[in-house]
Amino acid sequence: MAVSPTGARLYVSHPNGAHGVSVIDLATNSVSATIDSPGGGLIGIDLGSVPGTSKVSCPAGSVLTGGGFGSTGPAPDQLVSRPVPGTNDWEVNGQNRTRDDVTLTPYAVCATP
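Every chain begins its residue count from 1, and numbering advances along the sequence as written. Local features are withheld for residues below a pLDDT of 70 in this predicted model, meaning they are given only at 70 or higher, and side-chain atom pairs are given and counted only at 80 or more; totals for whole chains, interfaces and linings count all residues. Note that the side-chain values use all heavy atoms of the structure and ignore hydrogens as well as water.

Chemist: For this particular structure, what's the right way to read the environment of Ser-4?
Modeler: In this structure, Ser-4 sits in the loop between β1 (2-3) and β2 (9-13). Remark: the alpha-carbon pair of Ser-4 and Pro-106, spanning 102 residues in sequence, is separated by 9.1 Å. Elements are defined by DSSP. Helices are runs of H or I of four residues or more, strands are runs of E of two residues or more, and each kind is numbered from the N terminus.

Chemist: What am I meant to see in the pattern of salt bridges here?
Modeler: In a structure, side chains of opposite charge can pair up when their charged atoms sit close to one another. Here a salt bridge means any side-chain nitrogen of Lys or Arg lying within 4 Å of a carboxyl oxygen belonging to Asp or Glu. Using the criterion set out here, one finds two salt bridges in the structure. The partner of Asp-89 in a salt bridge is Lys-55, and the shortest N-O contact between them spans 3.7 Å. You can see Asp-89 sitting in strand β9 (residues 89-95) and its partner Lys-55 sitting in strand β6 (residues 53-57), a full 34 residues away along the chain. Judged by its relative accessible area of 12%, Asp-89 is buried. The partner of Arg-82 in a salt bridge is Glu-91, with the nearest N and O atoms 2.7 Å apart. Categorising residues by exposure relies on relative accessible area from a 1.4 Å probe, with only protein chains included: less than 20% of the type maximum marks a residue as buried, more than 50% marks it as exposed, and the intermediate range marks it as partly exposed.

Chemist: What is the right way to read the state of the cysteines from this model?
Modeler: Only a pair of cysteine sulfur atoms within 2.5 Å counts as a disulfide in this structure description. Tallied over the entire structure, the rule returns one disulfide. Through a disulfide, Cys-58 is tied to Cys-110; the S-S separation comes to 2.2 Å. Handedness of the Cys-58-Cys-110 disulfide follows from its S-S torsion of about -90°: it is left-handed. Highlighted residues: Cys-58 in the loop between β6 and β7 (63-72) and Cys-110 in strand β10 (residues 103-111), separated in sequence by 52 residues. Per residue, the accessibility class of Cys-58 equals that of Cys-110, and both read buried.

Chemist: Just to check I follow, could you spell out the nonpolar core for this structure?
Modeler: For soluble globular proteins, nonpolar side chains are generally found buried alongside one another. Grouping buried Ala, Val, Leu, Ile, Met, Phe, Trp, Tyr and Cys residues that are joined through side-chain atoms within 4.5 Å yields what is termed a nonpolar core. With eight residues, the main nonpolar core is built from Val-56, Cys-58, Leu-64, Trp-90, Val-92, Leu-104, Ala-108 and Cys-110. Contributions of two or more residues to this core are made by β9 and β10. Take this core: its biggest share by element is three residues, from β10. If you look at the next biggest cluster of nonpolar residues, it comprises six residues, including Tyr-11, Val-21, Val-23 and Val-109.

Chemist: Explanation requested: unusual backbone geometry in the structure shown.
Modeler: One can expect most non-glycine residues to show negative phi and most peptide bonds to be in trans. The phi torsion at Asn-29 lies on the positive side, around 55°, for a residue other than glycine. Among the residues examined, Asn-29 registers a relative accessible area of 61% and is labelled exposed.

Chemist: Explain the sheet that holds β2 here, please?
Modeler: Across a sheet, strands are paired by hydrogen bonds formed along the backbone, either parallel or antiparallel in direction. If you trace the four strands from one edge of the open sheet to the other, you get β1-β2-β3-β4, paired in antiparallel fashion. Among the strands making up the open sheet, the edge pair consists of β1 and β4 (30-35). Pairing geometry for β2 and strand β3 (residues 21-25), over five bridges, is antiparallel. Considered in β3, the bridge of Val-12 is made with Ser-22. Each pair of strands is called paired provided DSSP finds at least two bridges between the two strands.

Structure follows, in structure tokens:
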């Protein structure tokens, strides 16, 4: 399990379940999204939050099978959410051109080979 840096969401991985990760909205205590884990074998999740560009990595011995992001504030311009070629990382980046605070919280879905 991992809590988003803003404390708004809880990410729960399900190693033996039908889905990879459940995203729980902590304000309502309800599941707001479910992210499938292609190929199964999910072993965990990693979260990160850094202004501008954020990247998370799968732990050693696992492989990246997907990812995405959560956000607070208005959607940034030129938003990119993708795997980093040749690595076990997922990155999210964008440009905030407003006066509002924006937090991008990427997540990586990792599986054992």
